[in-house]
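# Observations on the model geometry
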Amino acid sequence: MPKDVRGIIPENGFLASYISYASELTDAPVEYHLACGLAILSSAVGNKITFYSWGQKICLNLWTLLIAPSGFYRKSTSMNIGSRLLRQAIPEIMLPDDFSRERFIANLEKKPCGLLKVDEFGELLEKLQKEYMLGTKGLLTHLYDAPDDYTRELQNKQIRIEKPALSILAGSTIDWIRDRITSGDVRGGFMARFLFWPAFRKEGWKGTTPPPNRILQDALVSWLIQVAGMQGEAVFPPPVKARYDQWIHEHEDEVNADRLPGELQGFYTRLATSVGKLAILYQLSHDKTLVVTELSLEQAIRTGSYLKSHLLGLLTKGFGTTREEKRLEAVAEIIERAGKITHSTLLQQSRLLARDMLAVVDTLLQAGTIEMTLDKTGGRPIRTYRYIGSSLPPV
């Protein structure tokens, strides 16, 4: 297991047991199991446990997005393991994933807390752009922050959603998201509310697996039921609060020093709140109490730092919002994946017109993202490209 992943895996409690349970059922990356364990724990909490900061009560709902390269990374399998366990503990917790805007609002009026599981996030993005779903993305973005209530006139009837706490568990590949994301998704804050859990490797391969460990399964279900029955406000004792504030200050200094484009800053600034949520969830995983210890906070800080360390690469490679940006990202990714690639092979794999690809390659060369060599093989020199940079040029 890579060192950065090992540092965020709990050694005991609900999450450690859940990771052990799920790892026996699939060869998905272990970080997916941690992400799914946190997602179902936050869903079980709903709106019953909060913490106070920045002038408001904050619920522990999480929007979780598993990101994988193409291949057999078992995103859906990981999500299914977690959601089945959650459904056993709280049968009514799952929200329907096929909905119109009106139906979604009506469902939340009856059940303001729940988990929306989305097997392919790219399909959801595509669906939310359809005419009959207009406004749904803005509604979801608003509800993420768990307002005290949301009121709307719907078909001559007033709908009121009290204390909504919506969690989302979704999976996708960079390619799917790149093809469907819009500039509004980035600038409007919809995507910035997600925690992105990338995976780049698997520890091994598993074929068919045995049935779940029933004893461990029952214990996990029991834990979720007990957490779902808790309520109150979580507390950060003074020394723990001081450490949390210190990390937030350092985090903000890093963000300011990096001079990120304005539309990307929201992805980073929201991590400060997410770390607070994670600290309480780690505490609930450890002993089902609402007094956050230094151990739980440090676990949350390591997790936040892990997610932050991979975020810029995902944003620059995956979330280009114009045609030019998407072309730059796609061509740079092809070259990076290949290590070294000839001009003719790159043209075939990019599926661009020759003149368009020349313009993209020229931009990448000027930015220092790639380098070109002329390989002489006895005949005409062959242009070959190699990836050398970690960021893409501005468009």
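Coordinates for the structure precede this section.
Notes on the structure in this doc start here. (Residues numbered from 1 in each chain as written. Predicted model: local features only at pLDDT ≥ 70, side-chain atom pairs only at ≥ 80, totals over all residues. Heavy atoms only, no water.)

The element strand β7 (residues 165-173) is largely enclosed, with a buried count of nine among its nine residues. Both faces of β7 are covered, namely the face carrying Ala-165, Ser-167, Leu-169, Gly-171 and Thr-173 and the face carrying Leu-166, Ile-168, Ala-170 and Ser-172. Relative to β7, strand β4 (residues 113-118) runs parallel, the two being bridged by six bridges. Directly across from Val-118, in β7, lies its bridge partner Ala-170. (Buried < 20%, exposed > 50% of the residue type's maximum accessible area, 1.4 Å probe, protein only. Helix = DSSP H or I, 4+ residues; strand = E, 2+ residues; numbered from the N terminus. Pairing = 2+ DSSP bridges.)

It is worth spelling out the packing of aromatic side chains at this point. Under the definition given, this model contains 15 aromatic pairs. A ring pair is formed by Trp-63 and Phe-190, whose centres lie 5.8 Å apart and whose planes are at 65°; its orientation type is edge-to-face. Of this pair, Trp-63 sits in strand β3 (residues 63-68) while Phe-190 sits in the loop between α9 (183-187) and β8 (194-198), and the two are 127 residues apart along the sequence. Judged by relative accessible area, Trp-63 falls into the buried class, the value being 0%. A ring pair is formed by Trp-197 and Tyr-306, whose centres lie 6.3 Å apart and whose planes are at 45°; its orientation type is tilted. With Trp-197 in strand β8 and Tyr-306 in helix α13 (residues 294-318), this pair connects stretches of sequence that are 109 residues apart. Side by side, Trp-197 and Tyr-306 carry an identical accessibility label, which is buried. Ring pairs connect the aromatic residues Trp-63, Phe-121, Tyr-144, Phe-190, Phe-194, Phe-196 and Phe-267, which therefore count as one cluster. Against the face of Phe-99 rests Lys-127, its NZ or CZ located 4.8 Å from the ring centre. The lysine or arginine in question, Lys-137, covers the ring of Phe-190, its NZ or CZ lying 5.9 Å from the ring centre. (Phe/Tyr/Trp six-rings, centres within 6.5 Å; stacked < 30°, edge-to-face > 60°. Lys NZ or Arg CZ within 6 Å of the ring centre and 35° of its normal.)

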